[in-house]
Amino acid sequence: MSGYSRIKQTGSTKFSALRREIFSTELSFLMEAHNGLSARIVEEAGFRGLWASGLTISASLGLRDSNEASWTQVLDVLEFMTDSTSLPMLVDGDTGYGNFNNVRRLVRKLGERQIAGVCIEDKLFPKTNSFIGERQPLADIDEFCGRIKAGKDSQTDDEFVLVARVEALISGHGMDEALHRAEAYHAAGADAILIHSKRADADEILTFTERWQGRCPLVIVPTMYYQTPTEAYRKAGISTVIWANHNLRSAITAMRETSRRIHDSQSLDGTEERVATVKDIFHLVGNAELAAAEKRYLPDRATAKAIVLAAAGGALGELTVDRPKCMVDIRGQSLLRRLVDTLSHSGIREIAVVRGYRKEAVRLAGIQTIDNDRYQDTGEVYSLNCARNQIAGETVVVYGDVLFRDHILDGLLTAKGDIVLAVDAMNAVLKAPGYPRDQVSADRPFSGDYLDDQPVHLKEISADLTAESRVGEWIGLARFSALGATWLAEEMAALESENLLDHADMPLLLTRLAAKHPVCVYYVLGHWLDVDTLPDLGDALNFT
Ligand code: SPV
Ligand code: MG
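The rules behind each value
- Residues numbered from 1 in each chain as written.
- Chains lettered and ligands numbered in written order.
- Predicted model: local features only at pLDDT ≥ 70, side-chain atom pairs only at ≥ 80, totals over all residues.
- Heavy atoms only, no water.
- Salt bridge = Lys/Arg side-chain N within 4 Å of Asp/Glu carboxyl O.
- Helix = DSSP H or I, 4+ residues; strand = E, 2+ residues; numbered from the N terminus.
- Buried < 20%, exposed > 50% of the residue type's maximum accessible area, 1.4 Å probe, protein only.
- Patch = residues over 30% accessible without salt bridge, like charges linked within 9 Å, V, L, I, M, F, W, Y side chains within 5 Å.
- Areas by Shrake-Rupley, 256 points an atom, 1.4 Å probe, with all protein chains shown as cover.
- Core = buried A, V, L, I, M, F, W, Y, C linked by side-chain atoms within 4.5 Å.
- Disulfide = S-S within 2.5 Å.
- Near = heavy atom within 4 Å.
- Polar contact = N/O pair within 3.5 Å; in protein donor to acceptor, adjacent residues only side chain to side chain.
- Nonpolar A, V, L, I, M, F, W, Y, C, P; charged D, E, K, R; others polar.
- Pairing = 2+ DSSP bridges.
- Axes fitted to C-alpha atoms, helices over the stretch in contact; angles between N-to-C directions.
- Left-handed = near helix turned anticlockwise from the far one by under 90°.
- Contact = heavy atoms within 4.5 Å.
- Expected span 1.5 Å × (residues − 1).
- Right-handed = clockwise from strand over helix to strand, strands pointing away.
- Phe/Tyr/Trp six-rings, centres within 6.5 Å; stacked < 30°, edge-to-face > 60°.
- Lys NZ or Arg CZ within 6 Å of the ring centre and 35° of its normal.

Draft legend 1. Spatial organisation of the pattern of salt bridges. Taken as a whole, this structure holds 38 salt bridges when the rule is applied. Of the charged contacts, one joins R165 and E121 as a salt bridge, the two residues approaching to 3.4 Å between their closest N and O atoms. Of this pair, R165 sits in strand β5 (residues 161-166) while E121 is found in strand β4 (residues 117-121), placing the two residues 44 residues apart along the sequence. Note that R181 and D122 form a salt bridge whose closest N and O atoms lie 3.3 Å from each other. One end of the pair, R181, is in helix α7 (residues 174-187); the other, D122, is in the loop between β4 and α6 (141-154), with 59 residues separating them in the sequence. Given the relative accessible area of 5%, R181 is considered buried. Here the salt bridges share partners, and the residues they tie into one network are D65, D94, E121, K123, K127, R165 and E167.

Here it is in C-alpha cells:
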C-alpha cells in the first residue's frame, strides 16, 4: 500500500543509515537517549537508530520541555551523543527554535556534526510538551512549510532526513486537518511525517495511516497507546516507531530506588549487587580503547617503577618523634607526597615504599608499602632487598628524603645506560665544608660542553674522597634498566652470601656494581635537595 519508493540505500554514512531505516520496507525502531552514555546503551542493546528526545534531554538537564535550554546547549549534548555511538540519530528539533531562519542554522549545524536527521513540529516557539494541556496553538501551515523548505535547502548531505510532525490530532483539530497538514508538509519537501496522538489506543493513528496511503513514510510515538501490539504497526505499513522516553524513565526509577536505599540504610550494603559495576562504566565509555592507544602513543618509560627507601628513623627532633622523615609536613604536604608527585609526573605509577621507623605513619594514596621491620639494625641495602620482588624491568631507586625538579628525573629516564646515577656537579657543592658522604668519583668530570655527549662512568661513591677525585655528589636517585635491575639483584645476592647485606649502604652497593658493569653518571646542576637537618628542612619549605 505504500506509494513512496522504498529505495535500497547502499551508502554507509549516518545520513544514509537513518534514511535506510525510514525508507526500508521493514518496521524500524528508534530508541530514546539523552546523553552520550544512554546513546551507548541503546547501541549496545542492538537498536539501529537513536531518538534524541527533547523531553528527556531537557529533563536530564533538570529543565522543562519548554525550550528552556538554548538550542546550542542542546546541540552540545547532541554532539556528545553522536560522538559516543556509530548509530544514526533523529533529533527532536521541537519547533525548529523559531522561524525558517532558525531552522536553517539548526539543520546546518546538525549536518556539520554528522547528525542524520531532525524532526520539527508544527507548533510555536517556545514549545510545550504535547501531553500538557489541550488545544495548543498550531503554526500557520504556510509558515511551517517555509520552515520545512528552509531546512531541506540547508542540509549539508543529500541523505539528511527531515521529518515534519503533525500535532493536529493532539490539539483536537481532527483527522481531515491532520491529513491536510501532512499533505502540505510532504509537498514542501518533508521526507517523512510524524503523526502524533495522545489517545490510549492507536485507532486514530491507524485511521490516519490508512487514509495517508503511503505517500511518504510515517513515524509514530506510541507513548500513550503503549498497549497496542507492535504487529498492528507492521501490518498498517508504518515506517518507524519511536520509543520516546523510556531510558530516562527507567533511570529515574533506578536512581530513586538506589538513593532511597542508601539514604535509609546509611550503607552500601545491599546496593552493590543491584547496580552496574564500576568496570561496566569503564567498558561503556571505552577504556580498553584508551589503554590500547596509550600503548601506541605513550613512551615506553611510562612502565618504569620506583622503590623509595624510607625505613630509617629521622633526626629532626620533635618533628620525627611520631613519624619518619619522609612524612614530615612541608607546607601541607609530606616529603613523600611531593616525591610521589614528581615520580608520577614522569609517568611512574608503580611506587613501592620501604618503611620501617614509625611505619604506621607512612600512608599515602597510590603507593605500595613494604616493611623492613629490622630497620634499627640494618642499612639501606637491606631495605632495598626487602623490595627485591619489585626489582624486575626498568626500576628507579630513590631515597625517601630527597626532592628534585621534574626535569632531573625526565633526563635520568632518557639517559643512556643500564645503570645511571644522577650526580650533582655544582662547584659550590664540591667545595662545601663538611662535604657530604655520597661523593662521586668518575672517569670524566662534568664538562658543560654542548657537544660533549660521551658517557661518564662511575668509579666509586664514598664519604671520603680527595678533593681532586671528586666530580660531584650522588643525589640519591638511580635508574636501572631491565638488565641493570638483574645486575642489581645479583649484587645484593652476592652481598648476602658474603654476610654483608645487613649493613651495606647504597654507596658500597653502587661501587661494587661499577667494578663489574658500566655504571653511568648523569650530571645535574643543583635543583634538588635532601633533608638531613633542620636547616635542610628550611630549604625544603622554599622548594615549591
Ligand atoms: C520527545 O520525546 O521529546 C517528544 C515526544 O517530542 S513526546 O514527548 O511524545 O512529545
Ligand atoms: Mg519533544
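That shown, we press on.
Draft legend 2. Highlighting a nonpolar patch on the surface. Together, L37, I41, V278, I281, F282 and V285 make up an exposed nonpolar region whose accessible area comes to about 510 Å². Breaking the nonpolar patch down by element, the ones donating at least two residues are α2 (36-45) and α11 (278-284). The element best represented in the nonpolar patch is α11, accounting for three residues. Within the element layout of this structure, V285 appears in the loop between α11 and α12 (287-297).

Draft legend 3. Quick look at the nonpolar core. Counting residues in each nonpolar core, the largest one holds 76 residues, and the members touching the most others are L78 and Y185. In terms of residue count, the dominant contributor to this core is α7 (six residues). By size, the runner-up hydrophobic cluster in this structure holds 71 residues, among which are V353, A442, L488 and L501.

Draft legend 4. Summary view of the state of the cysteines. Taken as a whole, this structure holds zero disulfides when the rule is applied. The structure places no disulfide on C386, whose sulfur is separated from the nearest cysteine sulfur, that of C326, by 15 Å. You can call C386 partly exposed: its relative accessible area is 25%.

Draft legend 5. Molecular detail of the site of ligand 1. Residues in contact with ligand 1, as listed here, are W51, S53, G54, L55, D92, N129, S130, F131, R165, H196, V221 and A244. Here an oxygen atom of ligand 1 sits 2.7 Å away from a polar atom, N or O, in the side chain of D92. Take H196: an N or O atom from its side chain is 2.9 Å from an oxygen atom of ligand 1. Relative to its free-state accessible area of 280 Å², ligand 1 is covered by the protein chains to the extent of 100%. Classifying every residue of the shell around ligand 1 gives five nonpolar, five polar and two charged.

Draft legend 6. Layout of the sheet that holds strand β3 (residues 89-92). Overall, parallel pairing links the eight strands, which are arranged β1-β2-β3-β4-β5-β6-β7-β8 in a closed barrel. If you compare each strand with its neighbour and ignore which way they point, the axes differ by 25 degrees on average. Both β5 and strand β6 (residues 192-195) contribute to a ladder of four bridges, which runs parallel. Note that in β6 the partner of V163 across the bridge is A192.

Draft legend 7. Region of interest: the packing of α6 against α7. Their axes nearest at 9 Å, the elements α6 and α7 cross at an angle of 35 degrees. Viewed along their axes, α6 and α7 form a crossing whose handedness is right-handed. Packed against α6, whose contacting residues are I141, F144, C145 and I148, the element α7 presents E177, H180, R181, A184 and Y185 at the interface. Taken together, the residues of the contact of α6 with α7 sort by class into six nonpolar, one polar and two charged.

Draft legend 8. Region of interest: helix α17 (residues 482-497). Between its first and last C-alpha atoms α17 spans 23 Å; for 16 residues at 1.5 Å apiece the expected length is 22 Å, and the two agree. Phi turns positive, to about 60 degrees, at N499, one or two residues after α17.

Draft legend 9. Region of interest: the environment of G54. As for its position among the elements, G54 is in helix α3 (residues 54-60). Considering only alpha carbons, one finds G54 and D424, 370 residues apart in sequence, at a separation of 64 Å. G54 has contacts with D65, D92 and D94, leaving out every residue within four places of it along the chain.

Draft legend 10. Quick peek at the pairing of β4. Burial within β4 is extensive, with five of its five residues counted as buried. Relative to β4, β3 runs parallel, the two being bridged by three bridges. Directly across from D92, in β4, lies its bridge partner C119. Here β4 pairs with β5 via five bridges, running parallel. Each residue of the ladder has a partner; that of I120, found in β5, is A164. Remark: the β4/α6/β5 crossover connection has right-handed handedness.

Draft legend 11. Region of interest: the packing of aromatic side chains. Tallying each qualifying case throughout the model produces nine aromatic pairs. Centre to centre, the rings of Y225 and Y233 are 6.3 Å apart; their planes meet at 80 degrees, and the pair counts as edge-to-face. As far as the burial class goes, Y225 and Y233 line up, both buried. Positioned above the aromatic ring of W212, the side-chain terminus of R215 is 5.0 Å from the ring centre. Over the face of the ring belonging to Y382 we find R374, whose NZ or CZ atom lies 4.9 Å from the ring centre.

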